[in-house]
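# A structural walkthrough
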Amino acid sequence: MGRSDWGTARSAAIWSSPFNLQADQTRRRPAKEIYEIVTDGRIVMPAFKGVLSAEERWAVAYFVKSFGGDQG
Ligand code: HEM
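Before going into details, it helps to say that this report is about the structure given with it. Bear in mind the structure is a predicted one, so any value in this text is a computation, not a measurement.

Among the 19 residues in the neighbourhood of the ligand, the closest are listed as P18, F19, Q25, T26 and M45. Counting only elements with at least two residues in the shell around the ligand, the list comes to α2 (24-27), α3 (31-40) and α4 (54-65). At 3 residues, the largest contribution of residues to the shell around the ligand is made by α3.

What follows is the structure, given as structure tokens:
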């Protein structure tokens, strides 16, 4: 991979909006799956395993599970 490709990857990371976590797709996910996404990141989403402890990542997963849907 050449140096210029890293510029493209970085631009994608900067310009992609975070996902709407109230979407049905997210509400259907078990807490463990949300935990894994928060842990390892996803496509342009950064991994949080170096930033948050396992306990904190579980707390984030359950927090996301507590969100209502788009209809409230
Ligand atoms: C603690 C903060 C964050 C949490 C709890 C979180 C949580 C999640 C979850 C649960 C998903 C999966 C959604 C689904 O498919 O059901 C997701 C996807 C995504 N997140 Fe985050 N996220 C966080 C931070 C970020 C940040 C900082 C960015 C921006 C760079 C980001 C960008 C994305 C994108 C673009 C997706 C969609 C990926 C795809 O297409 O599959 N997230 N996030």
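This brings us to the nonpolar core. Counting residues in each nonpolar core, the largest one holds 5 residues, listed as I34, Y35, I37, V38 and A61. No other element matches α3, which puts 4 residues into this core. Excluding its chain neighbours within four sequence positions, the residues that come into contact with I34 are R29, A61, V64 and K65.

Scoring rules and cut-offs
- Residues numbered from 1 in each chain as written.
- Predicted model: local features only at pLDDT ≥ 70, side-chain atom pairs only at ≥ 80, totals over all residues.
- Near = placed C-beta within 6 Å.
- Helix = DSSP H or I, 4+ residues; strand = E, 2+ residues; numbered from the N terminus.
- Core = buried A, V, L, I, M, F, W, Y, C linked by C-beta atoms within 7 Å.
- Buried ≥ 20, exposed ≤ 12 C-beta atoms within 10 Å, placed from the backbone.
- Contact = placed C-beta atoms within 7 Å.

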